[in-house]
Amino acid sequence: MKGVPGHLAVIMDGNGRWAAKRARPRWMGHARGAQTARELVAHCARLGVQHLTLYAFSSDNWKRPREEVGFLMDLFASHLDRQLAELRANGIRLSIVGRRDRLPPALVAKMEEAEARTAQCTRMHLRVAIDYSSKAALQEAFARVQAEGREWPADPLLPNVDLLLRTGGERRLSDFLLWECAYAELAFIDALFPDLTTADVDAVFADFARRDRRFGGLNSAPVPVGSA
Ligand code: FPP
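## Some points on the environment of valine 69
Turning to step 1, where the next piece is worked out: Within the fold, valine 69 resides in helix 3 (residues 66–89).
Turning to step 2, where the next piece is worked out: Here the alpha-carbon distance between valine 69 and phenylalanine 57, two residues 12 residues apart in the chain, equals 9.1 Å.
Turning to step 3, where the next piece is worked out: If sequence neighbours within four positions are ignored, valine 69 has contacts with Phe57, Asn61, Trp62 and Arg64.

## Focus on the site of the ligand
Turning to step 1, where the next piece is worked out: Around the ligand sit 17 residues, and of these Asp13, Gly16, Arg17, Arg26 and Arg64 come closest.
Turning to step 2, where the next piece is worked out: A distance of 3.0 Å separates an oxygen atom of the ligand from a polar side-chain atom of aspartate 13.
Turning to step 3, where the next piece is worked out: Within the backbone of glycine 14, an N or O atom sits 3.3 Å from an oxygen atom of the ligand.
Turning to step 4, where the next piece is worked out: Look at the ligand: alone it shows 630 Å² of surface, and the protein chains cover 90% of it.
Turning to step 5, where the next piece is worked out: Looking at the shell around the ligand residue by residue, the classes come out as 6 nonpolar, 7 polar and 4 charged.

## As for the packing of aromatic side chains
Any two aromatic rings considered together are summarised by their centre-to-centre distance and by the angle between their planes.
Turning to step 1, where the next piece is worked out: Scanning all chains against the criterion turns up 7 aromatic pairs.
Turning to step 2, where the next piece is worked out: When the ring of tryptophan 27 is compared with that of phenylalanine 71, the centres are 5.4 Å apart and the planes differ by 45°; the resulting orientation is tilted. Here tryptophan 27 is found in helix 2 (residues 26–47), whereas its partner phenylalanine 71 is found in helix 3, with 44 residues between them in sequence.
Turning to step 3, where the next piece is worked out: For tryptophan 27, a relative accessible area of 42% puts it in the partly exposed group.
Turning to step 4, where the next piece is worked out: We classify phenylalanine 71 as partly exposed; its relative accessible area is 23%.
Turning to step 5, where the next piece is worked out: Taken together, a centroid distance of 5.0 Å and an interplanar angle of 75° make the contact between phenylalanine 57 and tryptophan 62 edge-to-face.

## Quick notes on the packing of helix 3 against helix 4 (residues 105–117)
Turning to step 1, where the next piece is worked out: Viewed as axis vectors pointing N to C, helix 3 and helix 4 meet at an angle of 15°, and their least axial separation amounts to 10 Å. The angle between the axes of helix 3 and helix 4 places the two elements in the roughly parallel class. The handedness of the crossing between helix 3 and helix 4 is left-handed. From helix 3, Met73, Phe76, Ala77, Leu80, Asp81, Leu84 and Arg88 reach across to helix 4, where they touch Leu107, Lys110, Met111, Glu113, Ala114 and Arg117.
Turning to step 2, where the next piece is worked out: Across the contact of helix 3 with helix 4, the residue classes tally to 8 nonpolar, no polar and 5 charged.

## Structural notes on the pairing of strand 1 (residues 7–11)
Turning to step 1, where the next piece is worked out: Judged by how many residues are buried, strand 1 sits mostly within the fold: 5 of 5 residues are covered.
Turning to step 2, where the next piece is worked out: Here strand 1 shows no split at all, with His7, Ala9 and Ile11 on one side and Leu8 and Val10 on the other all buried.
Turning to step 3, where the next piece is worked out: Of the pairings in the sheet, the one linking strand 1 to strand 2 (residues 51–58) comprises 5 bridges and is parallel in character. Paired with isoleucine 11 across the strands is tyrosine 55, a residue of strand 2.
Turning to step 4, where the next piece is worked out: As judged from the 4 bridges shared by strand 1 and strand 5 (residues 163–166), these two strands associate in the parallel manner. Within the sheet, the bridge partner assigned to alanine 9 lies in strand 5 and is leucine 164.

## A closer look at the packing of helix 2 against helix 3
Turning to step 1, where the next piece is worked out: Between helix 2 and helix 3, the least distance of the axes is 11 Å, while the angle of their chain directions is 25°. One way to sum up the angle between helix 2 and helix 3 is to call them roughly parallel. Crossing of helix 2 against helix 3: the hand is right-handed. Contacts from Arg26, Trp27, His30, Ala31, Ala34, Arg38 and Val41 in helix 2 reach Glu68, Phe71, Leu72, Leu75, His79, Gln83, Glu86 and Leu87 in helix 3.

## Here we look at the sheet that holds strand 6 (residues 185–188)
Turning to step 1, where the next piece is worked out: Here 6 strands make up an open sheet; going across it, the order is 3-4-2-1-5-6 and the pairing parallel. Taken across any chain shown, the strands that pair with only one partner, and hence form the sheet edges, are strand 3 (92–97) and strand 6. In this sheet, adjacent strand axes meet at a mean angle of 20° when their direction is disregarded.
Turning to step 2, where the next piece is worked out: When strand 5 meets strand 6, the two strands line up parallel, connected through 4 bridges. The partner of leucine 165 across the bridge, within strand 6, is alanine 187.

What counts as what
- Residues numbered from 1 in each chain as written.
- Predicted model: local features only at pLDDT ≥ 70, side-chain atom pairs only at ≥ 80, totals over all residues.
- Heavy atoms only, no water.
- Helix = DSSP H or I, 4+ residues; strand = E, 2+ residues; numbered from the N terminus.
- Contact = heavy atoms within 4.5 Å.
- Near = heavy atom within 4 Å.
- Polar contact = N/O pair within 3.5 Å; in protein donor to acceptor, adjacent residues only side chain to side chain.
- Areas by Shrake-Rupley, 256 points an atom, 1.4 Å probe, with all protein chains shown as cover.
- Nonpolar A, V, L, I, M, F, W, Y, C, P; charged D, E, K, R; others polar.
- Phe/Tyr/Trp six-rings, centres within 6.5 Å; stacked < 30°, edge-to-face > 60°.
- Buried < 20%, exposed > 50% of the residue type's maximum accessible area, 1.4 Å probe, protein only.
- Axes fitted to C-alpha atoms, helices over the stretch in contact; angles between N-to-C directions.
- Parallel < 35°, antiparallel > 145°, perpendicular 65-115°, else oblique.
- Left-handed = near helix turned anticlockwise from the far one by under 90°.
- Pairing = 2+ DSSP bridges.

If you want it as structure tokens, here you go:
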């Protein structure tokens, strides 16, 4: 659909503040955020987004209290259990990006099962980043290419991000898809992630549709070779 980003990446920030505003424990914000993530996925698939990458847990999030980390790992596992049928019904392929070796083995098993059982789905590709660090992913990719004596490929990792959305009012990338965001349009909104609505997403897409993406050229229309 015109104006809809081919690849949307979302930094789902503000769960803790959402809970604090209600004098609730942080985990309630994450639980509510998981519901919002589910609605966001369905809405993006409806609108025709091809790739959606969600930042669910950064490699720096291990610094959080053990109880919060444990809650998030359990939430990811139960979310996978509950969402698998819906993903398949909606034609959504799931991939998990990030390190797997530090995750609970039961969660990794569920991730692998969900990936295998949605592998044939083609309507939208959902990537959930868990224990993800863009710098670490790049270091690993560089090391792999060097070890194999290959040329550095032009686009070795994920498809380029068209639009990066961060909720929660902060304006930073937090080690997310640094390479892939080379020409991403950036959208920062104040809504805390659990409060994000489909109308907010529509408004962000409408703004994205009005942007003139020149990719370093002079205008977005193809320039005839040799024109003065
Ligand atoms: C950042 O908010 C959010 C996280 C670290 C967790 C993100 C997880 C979810 C939205 C739920 C699960 C998602 C899926 C796809 C199953 P924060 O805790 O840093 O919020 P704060 O800045 O207000 O403290």
